[in-house]
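Secondary and tertiary structure notes
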Amino acid sequence: MVINSGMNTEEGKLFLSKIRRIDQSPDLTDKNPQLYFFFNVLMEEWTNFEKLEFKTLFSRIAFAGIKYKIHSRILFHLHEFRRLNEAKKKLTDVQYHNGLKSIVLTIRAIYNIEPDEFLPTLSSSDLPYSARKITQFKRFIKGVMTSIDIHSSTFMYIPEDSGEEEKKVFYNLSDKNEIFTSTVNKIEKYFPLPVHVNLIDVEEDQQGNFIPAAIVIEPNYLIDVTAIAEIYKPGGSRSLLYLLKKFIPVTVSKGLLVGNISNYLLDELITNPSLDVKSKLIEIFKMHSLSFANRDDRFVQEVVKDIYKHARNLRATIVNDFPLYNLDLENLHLEPSFYDTVNGLQGRLDILNQNENSNNADIVELKSGKIFRPNVYGLNNNHYTQTLLYDLIIQTVFDRKYKAANYILYSQDSEKTLRFAPAVRSQQIEALATRNQIVLLEKSLEKVQERSDDILALIRPENFPKAAGFVKDNIKSFSDTYGRQDTLSKLYFNNQVSFIAREHHLAKVGRHGVNADNGLASLWLDNFEQKEQRFSILKNLKITENLSHEDSPQLLLAKTESTNPLANFRVGDIGILYPILDDIGDPLKNQVF
């Protein structure tokens, strides 16, 4: 079968000749590292033209498996060969040859090469493979992890929907979920068991064991999509960058200021595409008065020039491109916010095109910066990762009711402003693994004053050899400042960091109990009755006047007979609005305001 007719057959034959020469060595300790090195070269060759950010060889193989439709038996042995070499294991002759055979079969399939005198009778059936007998598949399962056995790479798990029977979950599977191994193995270091864990894309075998494609640790601790995406910098992603951003002061650069103004103009132009931007300049100056007041005239003139450029591109996209992609202005929701407790995410989209007639829910994300080292889709990788995670949220919130198409709107670019960002499942899974790393980093901050290994000391230039630009400068700035503190100063600083991290955790998930508070998570963990008993909900409010489009936006709400008159709300309290549909008010199934 031709997997990819566009690949050069002669190139594939050269690759096979190279492998044959490697295999002629009689010494296994000599030819195995050569084959593994060449395997890495091949995987880069087959995935580099995509220009996606692959953090590991695992993710490259997973992506190639999907793109080239590699047989699961072959894919298993490619992963197994990778895993044995990454672990510096001494391979047996059988393990080496299984790896070699799987690479040869992959080359033949990708380049559509018929068998020759080198392994002429080889087929995928020659590779040993104990296929798991799968009896059931579920998109996700919620539950708690009760114990972990890192030696067998399994953990015991109680599903939330049954609650009475422990199930065994297999992780560290080279062709399935190995990318989650490092964080799962560290769970007991940071969390007392049991701990809430969600399983994603779960297969159940004949013995009732679970084999998930992804594992989400503490899913009620929602991580912002932007925080995850910003880790994906050119040259690779490092989760420690998430910590760095917590300690570097934000300076209002020209790019940041223009970006904020562009977001404002997008909202205004969608409401009124014929808007005269000049009429909004005074309002823009009022909104960002401090940012303009302490800069010189040249800076202000450059910003105004950029404002007009971005406004022209935004208007052209809204008027000309949106209709081509069925982005109807009547169906657009501006800056809708969502909570996703399946994948442990939260996010606010720039635009959601929700069309009930066509069952479409299209995502448009605005970016005002320049495109730098784009992937095959012409997108910055951090921007692309952001749309991948927003896609996960929309699919979860609306129970896969809608077909989604994702776009990034580059308002800097007048040629190709609106760009398609397809959802790639393997990349979404990898982003969820990054999300888990962030959760553990947050927990490590809670314990930073207790631990001998100072995680903040890891933020230093030598640990980020590929960092460039302002990221490199920020790393050096933090490292120099933190490194020159004496022991007492560091102890004080780390104690304050630990205290704030614990408070932050409590604010997000709190504690369960009759007289306790689940923090933000009580929004979905507490039912209506519990909220009524705590006087923490004003239910069934009625909108009497909608002034959301005024210069000073307001909603006037009136209580109804179903509203608890004793609800404990005061002037200045922060509240969250969400709709009640068919007597069901679920903040996880709608946007929140």
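Residues numbered from 1 in each chain as written. Predicted model: local features only at pLDDT ≥ 70, side-chain atom pairs only at ≥ 80, totals over all residues. Heavy atoms only, no water.

1. A closer look at a nonpolar patch on the surface
Taken together, the side chains of Leu541, Ile543, Leu555, Leu557, Leu577 and Phe593 define a hydrophobic patch exposed on the protein surface, amounting to about 510 Å² of accessible area. As for its position among the elements, Ile543 is in strand E16 (residues 542–547). Of the residues examined, Ile543 reaches a relative accessible area of 49% and is grouped as partly exposed. (Patch = residues over 30% accessible without salt bridge, like charges linked within 9 Å, V, L, I, M, F, W, Y side chains within 5 Å. Areas by Shrake-Rupley, 256 points an atom, 1.4 Å probe, with all protein chains shown as cover. Salt bridge = Lys/Arg side-chain N within 4 Å of Asp/Glu carboxyl O. Helix = DSSP H or I, 4+ residues; strand = E, 2+ residues; numbered from the N terminus. Buried < 20%, exposed > 50% of the residue type's maximum accessible area, 1.4 Å probe, protein only.)

2. A few points about the pairing of strand E14 (residues 406–410)
If a strand is regular, its side chains alternate between the two faces of the sheet. In terms of residue burial, E14 counts as a mostly covered element, since five of its five residues are buried. Burial along E14 is two-sided: Asn406, Ile408 and Tyr410 and Tyr407 and Leu409, pointing in opposite directions, are all buried. One ladder, built from five bridges, connects strand E13 (residues 360–367) with E14; its direction is parallel. The partner of Ile363 across the bridge, within E14, is Asn406. Where the polypeptide runs from E13 across helix H14 (residues 381–397) and back to E14, its parallel neighbour, the crossover connection is right-handed. In the sheet, E14 pairs with strand E15 (residues 418–420) via three bridges, with the strands oriented antiparallel. (Pairing = 2+ DSSP bridges. Right-handed = clockwise from strand over helix to strand, strands pointing away.)

3. Observations concerning the sheet that holds strand E6 (residues 223–224)
An order of E6-E11-E10 is seen for the three strands of this open sheet, with the pairing classed as mixed. Every interior strand has two partners, whereas the edge strands, E6 and strand E10 (337–340), have only one.

4. Details of the pattern of salt bridges
In the structure shown here, the tally under the stated rule is 22 salt bridges. Residue Asp23 pairs with Lys31 through a salt bridge whose shortest N-O separation is 3.6 Å. The exposure class assigned to Lys31 is buried, which follows from its relative accessible area of 7%. For the salt bridge of Glu283 with Lys280, the shortest nitrogen-to-oxygen distance reads 3.4 Å. Under the relative-accessibility criterion, Glu283 is labelled partly exposed at 28%. Salt bridges here are not isolated pairs; linked through shared partners, they connect Arg82, Glu86 and Glu178.

5. Quick look at the nonpolar core
Formed by 72 residues in total, the largest nonpolar core has its most connected members in Phe155, Phe180, Leu199 and Leu243. For this core, the element with the most residues is helix H15 (residues 425–446), which contributes nine residues. In this structure Phe180 touches Ala213, Ala214, Ile215, Ile429, Leu432, Ala433 and Asn436, once residues within four positions along its chain are discounted. Listed in part, the 35 residues of the second largest apolar core include Trp46, Ala64, Tyr96 and Leu105. (Core = buried A, V, L, I, M, F, W, Y, C linked by side-chain atoms within 4.5 Å. Contact = heavy atoms within 4.5 Å.)

6. What about the pairing of strand E5 (residues 210–217)?
Counting buried residues along E5, eight of its eight residues qualify, which places the element largely inside the surrounding structure. Inspection of the sheet shows strand E4 (residues 195–205) paired to E5 by seven bridges, in the antiparallel sense. Within the sheet, the bridge partner assigned to Asn198 lies in E5 and is Val216. Hairpin connection of E4 to E5: four residues between the antiparallel strands, including Gly208 at a positive phi of 85°.

7. Examining the confidence of the model for the protein chain
Mean pLDDT for the protein chain: 88, with 95% of residues reaching 70 or above. Throughout residues 1–5 the model reports pLDDT below 50, and contacts reaching past four residues in sequence, or to other chains, amount to nine contacts. (pLDDT = per-residue confidence, 0-100.)

8. Some points on the side chain of Asn406
Summarising the element assignment, Asn406 is placed in strand E14. Not counting the four nearest positions on each side in its chain, Asn406 is found in contact with Ile363, Thr387, Asp391, Arg419, Phe420, Ala421 and Ala423.

9. Some points on helix H2 (residues 28–47)
When the terminal C-alpha atoms of H2 are compared, their 28 Å separation across 20 residues agrees well with the 28 Å that a helix rising 1.5 Å per residue should span. Considered for burial, the residues of H2 that qualify are Lys31, Asn32, Leu35, Tyr36, Phe38, Phe39, Leu42, Met43, Trp46 and Thr47. (Expected span 1.5 Å × (residues − 1).)

10. A word on the side chain of Asn209
Within the secondary structure layout, Asn209 lies in the loop between E4 and E5. On the basis of relative accessibility, which here comes to 15%, the residue Asn209 falls in the buried class. Excluding anything up to four places from it in sequence, Asn209 contacts Lys168, Phe170, Glu203 and Glu204.

11. Looking at the packing of aromatic side chains
All told, the structure shown has 18 aromatic pairs when counted by the stated rule. With a centroid separation of 5.1 Å and 65° between ring planes, the pair formed by Tyr325 and Tyr407 is classed as edge-to-face. A residue pair is termed long-range when its members are at least 10 positions apart, and Tyr325 in the loop between helix H13 (297–324) and strand E9 (332–334) and Tyr407 in strand E14 qualify at 82 residues. Assessed through its relative accessible area of 7%, Tyr407 is described here as buried. Judged by centre distance (5.9 Å) and plane angle (75°), the rings of Phe338 and Phe398 are edge-to-face. Residue Phe338 is found in strand E10, and its partner Phe398 is found in the loop between H14 and E14; the two are separated by 60 residues along the sequence. Here Phe338 matches Phe398 in class, with each residue buried. A connected cluster of aromatic rings, assembled from ring pairs, spans Phe155, Tyr157, Tyr171 and Phe210. Over the face of the ring belonging to Tyr68 we find Lys67, whose NZ or CZ atom lies 6.0 Å from the ring centre. Between Arg295 and the ring centre of Phe299, over which it is positioned, the NZ or CZ distance is 4.4 Å. (Phe/Tyr/Trp six-rings, centres within 6.5 Å; stacked < 30°, edge-to-face > 60°. Lys NZ or Arg CZ within 6 Å of the ring centre and 35° of its normal.)

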